[in-house]
Amino acid sequence: GRLCQAHGVAIYEEPCPFDEYDDTRRVADALDLIVAGGEQDTSLARFGWIARHRGLDLVQPDLMYNGGLLRALEVARLAETHGLVGIAPHNPKTGAGQAHVLQFAACVPNLYGFQEYHVHEPEPEPWASERFEVRNGKLTLPDGPGLGVTFDPEMLARAERL
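Residues numbered from 1 in each chain as written. Predicted model: local features only at pLDDT ≥ 70, side-chain atom pairs only at ≥ 80, totals over all residues. Heavy atoms only, no water.

**Q** Help me out: how do you make sense of the sheet that holds strand 1 (residues 11–13) in this one?
**A** Note: strands within a sheet are paired through backbone hydrogen bonds, in either parallel or antiparallel orientation. Read from one edge to the other, the open sheet built from four strands follows the order 1-2-3-4, with strand pairing classed as parallel. Across the chains shown, the open sheet's two edge strands, defined by having one partner strand only, are strand 1 and strand 4 (86–87). Note that strand 1 and strand 2 (residues 34–37) share three bridges and pair parallel. Its bridge partner being in strand 2, Ile11 is matched across the sheet by Ile34. (Pairing = 2+ DSSP bridges. Helix = DSSP H or I, 4+ residues; strand = E, 2+ residues; numbered from the N terminus.)

As structure tokens, then:
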């Protein structure tokens, strides 16, 4: 962590196993850089502990693991209430598959200055008409109904129901 700090690294993500909260808090207390984590956590009670005890500076819940938009908003509220630097949701998706994360990032009041976004996708998914492009470090938020993504009804009709 001190090496990261000396080289101007802005965020130190999960320096300890994700559920070693006391150890992670000790790392956060010892450094002058932002310690982030939470992408693997699914418990509001644990996010509450993290926020109350400042086990992290920045929480990164995964919206799918953590239970969706409303639960992630609760994590954001916990972070804000207890004075953490903010929230930056984990985002392993690409293209239209990350519309939910973009919508969340647009509405949460304490989003921390950046949002993880994967830009390596050359074409839109075959099931959606949208392609999200980054221009000057910014995205245009999809503004259609729901999450703003139009799904191809023919592809959905061919999908195997599990």
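**Q** Would you mind showing me how to read the side chain of Glu39 here?
**A** As for its placement among the helices and strands, Glu39 is situated in the loop between strand 2 and helix 3 (44–52). Under the relative-accessibility criterion, Glu39 is labelled buried at 16%. Setting aside anything within four residues of it in sequence, one finds Glu39 in contact with Glu13, Glu14, Gln60, Pro61, Asp62, Tyr65 and His90. (Buried < 20%, exposed > 50% of the residue type's maximum accessible area, 1.4 Å probe, protein only. Contact = heavy atoms within 4.5 Å.)

**Q** Any chance you could explain the pairing of strand 2 here in plain terms?
**A** Of the two faces of strand 2, both are covered, the one formed by Ile34 and Ala36 as well as the one formed by Val35 and Gly37. In terms of handedness, the path from strand 1 via helix 2 (residues 21–30) over to strand 2 forms a crossover that is right-handed. Relative to strand 3 (residues 58–59), strand 2 runs parallel, the two sharing two bridges. Paired with Ala36 across the strands is Leu58, a residue of strand 3. Following the chain from strand 2 across helix 3 to the adjacent parallel strand 3, one finds a crossover that is right-handed. (Right-handed = clockwise from strand over helix to strand, strands pointing away.)

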